[in-house]
Amino acid sequence: MFISFGIKDAIDVLFVAFFLYQIYKLMKSSGTLAVFSGVVSVLIVWVLVSKVLEMRLMGAILDTFISVGFVVIVILFQDDIRRFLFTMGSNRSWKFIFKFFSKKDGDTAGEGKYIAPVVLACLNMVRKKIGALIVVQKEIDLKTYIQTGEVFDADVNARLIENIFFHNSPLHDGALIIANNRIKAASCILPVAHNPNIPKEMGLRHRSGLGLANETDAIVIIISEERGTIRVAHNGRISLPLSAEGLHQILSDKLEIEPYC
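Residues numbered from 1 in each chain as written. Predicted model: local features only at pLDDT ≥ 70, side-chain atom pairs only at ≥ 80, totals over all residues. Heavy atoms only, no water.

**Some points on the pattern of salt bridges**
Definition in use: Whenever Lys or Arg places a side-chain nitrogen within 4 Å of a carboxyl oxygen from Asp or Glu, that contact is recorded as a salt bridge.
For the structure on display, the rule yields six salt bridges. Sharing partners across several salt bridges, the network here consists of D153, D155, R182 and K184.

Shown next as structure tokens:
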């Protein structure tokens, strides 16, 4: 039987292919590709057994499994699903849509004024071999993580940041969070990434920074006291060691990180 295939059908196929490719990229970057592959495999088996081969007994079993499978997947893989949705929401391909509908009125000249003192503080701490973990909030609210530390409200000041991460400071253990050009909290607890591909030389500070970068769109600055290097974790990736200029450009959204892992 002849099946008509027109331009609209071709466009439809291209849209579906593009959508599936974007889903694949997002799941790969968020670490949920294995879950996606498992779900697709089960669906393929279900279609073959129930629709193609028409096996009644196995088809009935798989029909029942599929009907409750969505709820089971949500319960078992809620962390992976949440990480995937965070990654999709923070992906640059979608951001322009949200920015179009969420334009803020008023003066935006003060936006990004925290960058210079943060870069200066990072350079000074690298020179003194002081470890640090600095989080910069972007679109996703970090209130949950702010509440795990000592909450306060202060101007972003290079000397204040250095004093917080000084070895004898009671707030040096944990992360400092900056939101809306203000320091909101220090000594905050971040989620730890359990990715087996993370190099062994990266310790808990790097894993914590990458853990938050997996779950939110925040920029996490990681300073290693052993190596005296600056790295940035963002969108589920951690960068190569950065210079002051590179850090400034990343914080200004003028440069994509060159991923190390």
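**Let's talk about the sheet that holds strand β2 (residues 150-155)**
Each strand in a sheet pairs with its neighbour through backbone hydrogen bonds, running either in the same direction (parallel) or in the opposite one (antiparallel). The criterion, for reference: Any two strands with at least two DSSP-identified bridges between them are counted as paired. Helix and strand labels come from DSSP, where a helix needs a run of H or I of at least four residues and a strand needs a run of E of at least two; each type is numbered from the N terminus. Any pair of residues with heavy atoms lying within 4.5 Å of one another is described as a contacting pair. All axes are obtained by fitting lines to C-alpha atoms, using only the stretch in contact for helices, and the reported angles, taken between N-to-C directions, cover 0 to 180 degrees.
In spatial order, the strands read β2-β4-β3-β1-β5-β6-β7; together these seven strands make up an open sheet with mixed pairing. The open sheet is flanked by β2 and β7 (237-238), the only strands paired with a single partner. As defined by bridge partners, strand β1 (residues 132-136) adjoins strand β3 (residues 175-179) across three bridges and the pair is classed as parallel. Paired with V136 across the strands is I178, a residue of β3. Contacting β1, β3, β5 (219-224) and β6 (229-234), helix α6 (residues 115-127) runs over the sheet at an angle of about 20 degrees to β5. Docked against the sheet, helix α9 (residues 204-215) engages β1, β5, β6 and β7, running at close to 175 degrees with respect to β5.

**Brief notes about a nonpolar patch on the surface**
Definition in use: Here a patch means residues that are over 30% exposed by relative accessible area and free of salt bridges, tied together within 9 Å if like-charged and within 5 Å if nonpolar (Val, Leu, Ile, Met, Phe, Trp, Tyr). The Shrake-Rupley method, run with a 1.4 Å probe sphere, supplies the accessible areas, and residue values consider only the shown protein chains as cover.
A cluster of nonpolar side chains, contributed by V40, I44, V47, L48, V52, L53, M55, L57, M58 and I61, occupies part of the molecular surface with about 900 Å² of accessible area. Among the secondary structure elements, those contributing two or more residues to the nonpolar patch are α2 (33-52) and α3 (56-76). Of the residues forming the nonpolar patch, the biggest block, five residues, is contributed by α2. Of note, I61 is situated in helix α3.

**A word on α6**
Residues three or four positions apart in an α-helix share a direction because the helix packs 3.6 residues into each turn. Short version of the rule: A helix's residues, less one, multiplied by 1.5 Å, set its expected span. When a residue's accessible area, from a 1.4 Å probe over protein chains only, is under 20% of the maximum for its type it is buried; when over 50% it is exposed; and in between it is partly exposed.
Taking 1.5 Å as the rise per residue, α6 with 13 residues should run 18 Å; its terminal C-alpha atoms sit 19 Å apart, in good agreement. Turning to α6, its buried residues number three or more, namely I115, P117, V118, V119, A121, C122, N124, M125 and V126. Immediately beyond the C-terminal end of α6, within one or two residues, lies K129, with a positive phi of roughly 60 degrees.

**Brief notes about the nonpolar core**
The line we're drawing: Side-chain atoms within 4.5 Å link the members of a nonpolar core, which is a set of buried Ala, Val, Leu, Ile, Met, Phe, Trp, Tyr and Cys residues.
Counting residues in each nonpolar core, the largest one holds 29 residues, and the members touching the most others are V118, M125, I134, I161, F165, I221 and L251. At the level of elements, α6, β1, α8 (158-164), β3, β4 (182-188), β5, β6 and α10 (244-251) are the ones that each hand at least two residues to this core. With seven residues, α6 is the largest single contributor of residues to this core. Of all hydrophobic cores here, the second largest spans 21 residues; its members include I146, A185, M202 and V220.

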